[in-house]
Amino acid sequence: MERDTRNLPTTEEEWRERLTPDQFEILRRKGTERAFTGKYWDAHEDGTYRCAGCGAVLFEAKTKFDSGTGWPSFYEPANRENVELHTDRSYGMARTEVTCKNCGGHLGHVFEDGPDPSGLRYCINSAALELDPSSS
């Protein structure tokens, strides 16, 4: 996916105007919503999960699974080219952060304790996502 930044905000104030307070905290400040509180942690609808910041396609509902963690969990991205992985050493631990390649928004983290076929668990904040039921 080529990075398309034509319609993206360029300042913190523009991002604040575009996003809800929860979305801004997570996508732009790398926050984390509390477990079992997000809109999609227990969602079972078909569709495509898009980035709440820019609309990029991130995950398909068919790859979502119940991890028991309280956050939406997926075993693979819809297109690996739409996400970027970064080492995150915050809070005294080493984790792998997942961001949207298009807008740079923080999505969550990926762990190596997921189901087959990938063995990965993309643990993603609900506020970083928007479910598009029409694209299933």
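The structure presented is a predicted model; accordingly, all values stated were derived computationally and were not measured.

Structural notes on the overall build of the protein
Check the secondary structure of the protein and you find 2 helices and 9 strands. For the protein, the sequential pattern of α-helices and β-strands runs α-α-β-β-β-β-β-β-β-β-β. Against the 2.2 N^0.38 benchmark of 14 Å for 136 residues, the protein shows a C-alpha radius of gyration of 14 Å, consistent with a compact globule. Counting the 136 residues in the protein, one finds 44% classified as buried. Long-range contacts, defined as pairs at least 24 residues apart, comprise 55% of the intrachain contacts of the protein with a sequence gap of at least 6. In the structure as shown, the protein presents an accessible area of about 7,600 Å², 44% of it carried by carbon and sulfur atoms.

Quick notes on the pairing of strand 1 (residues 48-51)
Summarising the sheet, strand 1 and strand 2 (residues 57-60) pair through 3 bridges and their orientation is antiparallel. From the neighbouring strand, T48 faces strand 2, where its bridge partner is E60. Following strand 1, the chain reverses through 5 residues before pairing antiparallel with strand 2; G55 in that reversal takes a positive phi of roughly 90°. By the bridge criterion, 4 bridges tie strand 1 to strand 9 (residues 129-132) in an arrangement that is antiparallel.

Considerations on the sheet that holds strand 9
Taken in spatial order, the 3 strands line up as 2-1-9 in an open sheet, and their pairing is antiparallel. Looking at which strands have only one partner, the edges of the open sheet turn out to be strand 2 and strand 9. Across the sheet, the mean angle separating the axes of adjacent strands is 35° when strand polarity is ignored.

Focus: the side chain of D88
Mapping D88 onto the fold places it in strand 5 (residues 83-88). Here the side chain of D88 touches S90 through a polar contact of 2.7 Å, side chain to side chain. In this structure the side chain of D88 is engaged in a polar contact, spanning 2.7 Å, whose partner is the side chain of H109. Apart from the residues lying within four places of it in its own chain, the contact partners of D88 are M93, A94, R95, E97 and H109.

Rules used throughout
Residues numbered from 1 in each chain as written. Predicted model: local features only at pLDDT ≥ 70, side-chain atom pairs only at ≥ 80, totals over all residues. Heavy atoms only, no water. Helix = DSSP H or I, 4+ residues; strand = E, 2+ residues; numbered from the N terminus. Rg over C-alpha atoms; globule rule 2.2 N^0.38 Å. Buried < 20%, exposed > 50% of the residue type's maximum accessible area, 1.4 Å probe, protein only. Contact = heavy atoms within 4.5 Å. Areas by Shrake-Rupley, 256 points an atom, 1.4 Å probe, with all protein chains shown as cover. Pairing = 2+ DSSP bridges. Axes fitted to C-alpha atoms, helices over the stretch in contact; angles between N-to-C directions. Polar contact = N/O pair within 3.5 Å; in protein donor to acceptor, adjacent residues only side chain to side chain.

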